[in-house]
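Observations on the three-dimensional arrangement
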Amino acid sequence: MASSTDAVSPSAPLEGAKGPLAAASRSLATPESELKRWKRIFDTNSKEFSGQKFLDRESFISAIASQGDLSRIDRESFGVLFRVADTSRRGLVSWDDFSVFETLLKRPDAEYWIAFQYFDEDGSGTITFDEFKKVYSENVGPDSIPFNFDCDWVKLYLGKRDGRHVLNYNQFTQLMKGLQGERLRQAFKYFDTNEDGFITPEQFKRIITDLAGHKLSEPVIERLPTLCTLSPGQKISFSEVQAFINVIRDMDMVERVIREATSKSKDGRIDQTDFLNYSAASTRYGLFSPMEAAIIFHFASRGDPAQHRLSLLDFANLLDPKWRSPADVEATHVKPKKGFMDSFFQSAYSFVLGGLAGGLGAGVVYPIDLVKTRMQNQRSTVVGQLLYKNSMDCVQKVFRNEGFLGFYRGLGPQLIGVAPEKAIKLTVNDLVRGRATDPETGRITLPWEIIAGGTAGGCQVVFTNPLEIVKIRLQVQGEAAKLEGAAPRGAVHIIRQLGLLGLYKGASACLLRDMPFSAIYFPAYAHLKKDVFGEGYNGKKLTFGEMLMSAAIAGMPAAYLATPADVIKTRLQVEARKGQSSYKGLFDCAQKIWTEEGFRAFFKGGPARVIRSSPQFGFTLVAYEYLQTYLPYPFGEEPKKLETLLTSGGAEDMSRVRARNALKILLDVHGDFGKKITPGGASSAGLSPAGAVITPGESQ
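The shown structure was predicted, so the numbers you read here are calculated from the model rather than taken from an experiment.

Observations concerning the overall build of the protein
Scanning the protein for helices and strands turns up 31 helices and six strands. Residues counted as buried form 51% of the 700 residues belonging to the protein. Across the protein, every contact between residues at least 6 apart in sequence was considered, and the portion connecting residues at least 24 apart equals 74%.

A closer look at the pattern of salt bridges
Here the structure, examined in full by the defined rule, presents 33 salt bridges. The residue R206 makes a salt bridge to D210 at a minimum N-O spacing of 3.6 Å. Placement of the pair is R206 and D210 together in helix 12 (residues 201-212), with a separation of four residues, close to one helical turn. R206 sits in the partly exposed class, given a relative accessible area of 33%. The shortest N-O distance in the salt bridge between R513 and D514 comes to 2.7 Å. Here the salt bridges do not stand alone but share partners, grouping R83, E121, K134 and E138 into one network.

Considerations on the environment of D274
Relative to the assigned elements, D274 resides in helix 16 (residues 272-282). A C-alpha to C-alpha distance of 9.2 Å links D274 and R309, two positions 35 residues apart in sequence. Looking at D274, its side chain comes within polar contact range of the side chain of R309, at 3.0 Å.

Considering unusual backbone geometry
Among all residues save glycine, negative phi is the norm, and among peptide bonds the norm is trans. Even without glycine at this site, S50 takes up a positive phi of about 55°. With respect to the helices, strands and loops of the structure, S50 is situated in the loop between strand 1 (47-49) and strand 2 (52-54). Here the phi dihedral of E195 falls at roughly 55°; this positive angle occurs in a residue that is not glycine.

Some remarks on helix 21 (residues 391-402)
Across its twelve residues, helix 21 extends 16 Å between first and last C-alpha, which sits within 8% of the 16 Å expected from 1.5 Å per residue. Of all the positions in helix 21, only D393, C394 and V398 are classed as buried. Projected onto a plane normal to the axis of helix 21, the buried residues spread over an arc of 130° and lie on a single side. Opposite the packed face of helix 21, turned more than 90 degrees from it, sit the exposed residues M392 and R400.

Overview of the nonpolar core
The biggest cluster of nonpolar side chains holds 55 residues, and the ones touching the most others in it are F60, L81, F98, F101, F119 and F673. By residue number, the principal contributor to this core is helix 8 (residues 110-119), which donates seven residues. L81 has contacts with F60, I64, F101, I114, A659 and L666, leaving out every residue within four places of it along the chain. Counting residues in hydrophobic clusters, the runner-up holds 44 residues, among them L216, V220, F275 and A300.

What to know about the packing of aromatic side chains
All chains considered together, the criterion is met by 40 aromatic pairs. Members of the aromatic cluster, joined through ring pairs, are W113, F116, Y118, F119, F132, Y136, F147, F149, Y169, F172 and F673. Cation over ring: R83 sits above Y118, and NZ or CZ is 4.6 Å from the ring centre. Of note, R107 hangs over the ring of W113, and the distance from its end group to the ring centre comes to 3.3 Å.

Digging into the packing of helix 28 (residues 563-573) against helix 29 (residues 586-597)
Where helix 28 meets helix 29, the closest approach of the two axes is 10 Å, and the angle between their N-to-C directions is 105°. Here helix 28 lies roughly perpendicular to helix 29, going by the angle between them. When helix 28 is examined against helix 29, the residues V567, I568, R571 and L572 are found in contact with a partner set consisting of L586, C589, A590, I593 and E597. Of the residues belonging to the contact of helix 28 with helix 29, the class tally is seven nonpolar, no polar and two charged.

A word on the side chain of D86
Relative to the assigned elements, D86 resides in the loop between helix 6 (82-85) and helix 7 (95-104). The charged side chain of D86 is buried without a salt bridge, its nearest counter-charge being R90 at 5.2 Å. Among residues more than four places away in sequence, those in contact with D86 are G91, L92 and V93.

Re a nonpolar patch on the surface
The grouping of V462, F463, L500 and Y504 at the surface amounts to a nonpolar patch, some 390 Å² of accessible area in total. In this structure Y504 comes out as partly exposed when scored by relative accessible area, which is 35%.

Quick look at the environment of D320
With respect to the helices and strands, the residue D320 is situated in the loop between helix 18 (316-319) and helix 19 (326-332). Taking relative accessible area as the criterion, D320 reaches 13% and is therefore assigned buried. Separated by 103 residues in sequence, D320 and S217 have C-alpha atoms that sit 6.7 Å apart.

Overview of the environment of P321
Tracing the sequence through the fold places P321 in the loop between helix 18 and helix 19. Classification of P321 by relative accessible area gives buried; the value is 16%. Considered as a pair, P321 and H214 are 107 residues apart in the sequence and their alpha carbons are 7.6 Å apart.

Here's the deal with the confidence of the model for the protein
The predicted model of the protein averages 79 in pLDDT, with 80% of residues at 70 or higher. Throughout residues 329-335 the model reports pLDDT below 50, and contacts reaching past four residues in sequence, or to other chains, amount to three contacts. Scored below 50 in pLDDT, residues 678-700 shows 46 contacts in the model against residues more than four places distant or in partner chains.

Parameters at a glance
Throughout, a residue's number is its position along its own chain's written sequence, starting from 1. Totals for whole chains, interfaces and linings use every residue, but because this is a predicted model, local features are given only for residues with pLDDT of at least 70 and side-chain atom pairs only at 80 or more, for both listing and counting. Where side-chain values are given, they derive from all heavy atoms of the structure, hydrogens and water being excluded. The helix count covers DSSP runs of H or I at least four residues long, the strand count covers runs of E at least two residues long, and both are numbered beginning at the N terminus. Under the scheme applied here, a residue whose accessible area is under 20% of the maximum for its type counts as buried, over 50% as exposed, and between as partly exposed, the area being computed with a 1.4 Å probe on protein chains only. Residues are treated as being in contact if the distance between any of their heavy atoms lies within 4.5 Å. The salt bridge definition used is simple: a Lys or Arg side-chain nitrogen within 4 Å of an Asp or Glu carboxyl oxygen. Whenever a nitrogen or oxygen atom comes within 3.5 Å of another N or O atom, the pair is scored as a polar contact, on the condition that within protein one atom can donate a hydrogen and the other can accept it, and that pairs from neighbouring residues in sequence are kept only if both atoms are in side chains. Every helix has an expected span of 1.5 Å times one less than the residues it contains. To be clear, the arc concerns the directions from the helix axis to the C-beta atoms. Nine residue types can take part in a nonpolar core, namely buried Ala, Val, Leu, Ile, Met, Phe, Trp, Tyr and Cys, and a core is a set of them joined through side-chain atoms within 4.5 Å. Note on aromatic pairs: the rings of Phe, Tyr and Trp (six-membered ring only in Trp) are paired at centre separations within 6.5 Å, and the planes decide the class, stacked below 30 degrees, edge-to-face beyond 60, tilted for the rest. Think of it as a cone above the ring: NZ of Lys or CZ of Arg counts as a charge over the ring if it is within 6 Å of the ring centre and within 35 degrees of the ring normal. As a rule, the C-alpha atoms of each element are fitted with a line to give its axis, helices using only the stretch in contact, and angles between N-to-C directions run from 0 to 180 degrees. Note on terminology: angles under 35 degrees are roughly parallel, angles over 145 are roughly antiparallel, angles of 65 to 115 are roughly perpendicular, and the others are oblique. Basically, the charged four are Asp, Glu, Lys and Arg, the nonpolar ten are Ala, Val, Leu, Ile, Met, Phe, Trp, Tyr, Cys and Pro, and anything else, Gly included, counts as polar. A positive count includes Lys and Arg, and a negative count includes Asp and Glu. His and the chain ends are not counted in either. Each patch groups residues whose relative accessible area exceeds 30% and which form no salt bridge, using 9 Å between like charges and 5 Å between nonpolar side chains of Val, Leu, Ile, Met, Phe, Trp and Tyr. Note on areas: Shrake-Rupley, 1.4 Å probe, and residue coverage restricted to the protein chains presented here. For every residue, the predictor states its confidence as a pLDDT score lying anywhere from 0 to 100.

Here's what the structure looks like:
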């Protein structure tokens, strides 16, 4: 018997590695940083045998299994790959074995290379008919659907049983791609005993479970027999079986078509015709047949023919192998009922974020707002009252006469009032949009978007009007002091002078301004983000610049179109001086402006309003959304999303992706590949051909 040291020498597996595996270890250079990472993984999971570290089957699984895997492959299935790493067939993987296996996973074709290594038992670099049959038979178990190795398909690849033809690596990869199709044909023929071209739903379920059970969610597997309802009779034809396999094989393309079609649909839903039309328009050839589309929609709708138009979430049970029905999720995760306090804290959260965002936006553009107000209050018909020729002239004179701080007259009340004003506007808009949004598609119709914005604008007037009248009177004090020598008054004096009812003077004009503004602004902002900059399209997240551009552009038409109402509001709220017209109300003010100053007077300060409102609401909304992202409500619920490998972002280690894909190739042979080892067969669990575990200190 060999000594303990000889039996477990770390170099032994490398010396015993043959063929492609040995070539991989020699040809691929491995950076030191990778070796350190692999060594750390190995040391973390290894166990000591006779003073040396090795990985047994369980610790090997821990070392290579993907964390948070979005596929349905269970953790134990990764033990199948143990046989490839354990080149010496001792039931243990040394550090050298593990580093070679990790190096192999760096290959761009690692998935097929590992599968080839699994079937190449003697390490010769080729696979004979007997090798292929032996490994296949040992790993699928005796209770699997029989496979006829004496068929014409096998002979095309491997020749006859006398061994005159063998498979090299490239030929083997093509055999594995076509093997599932041949197994499907043989399995259908096996169950179709009377050769009428039909099998029972139970037999169909057995075939699909064996061939592709690891790619389907449990709800879909349970509904497999319902495929017989697509056509008259209670049986399933071969064409339907083949169509179902085609859907599974092209599931990545199915998901891409569904995601893109639903994202471009007006209501976020598609029907079978939309699916086929988008597929034909986005692929070189018509990729999906009508029968395949019917199968996709049958399982997505849970067999309900009344559901014609489906959302992305409706397809989740078909696209996500780990999908569970909402009833099952609720049974394991009981959600606490929300009460009054939760609603209160949610509102308080929105108010705080809205206040912070509004304060930032208001502070950035306040000087522009002051110029806008003075331009709008200027009476062109009063002799000697024409102080400013245009907005730039106003800027120069304010700076020359009142200094830099003159641009910030009235900022205090603005900052005090802007918190509840912006908070109620943003909160009400979010509230109405949330109630009117389809929970499955995340879509809201345009009329409801306008209603949500208009309602938000109307609600904010409760805070806006008192704030604006005080702010405006503070802003025009500078010019009044210059003309009349009046001493500037503070905000408290103005509030006392106006009284409670006086604070709401011009409220009708304020409503006339704020409701249309918000009704235009919020829908425009949402559609610019989605339709122009592509937010949410294939998981895209907008940059800061794109969000700011969306918010700023949306504010331009909203601000300018609401300028006439803003002019009327300003005239009503400013205290008329000697020689100026006084207004009895909204319509009286509009009539006198039209009569005395003409139509153009309604758009006085319009450019300044656009320049002020556009960046102000731009910074406000961007700040609000960023605050929601980085300071999320701690008790809020995440919106429903469909997360699959397609949306994982490619952040996963490629070696783990390739290990999982290699396992998928082997599981395509049989869903339980490597789990049911027949007596005398080589085991992925580290058994020798005789069935004994080789431990350090023993030789084979």
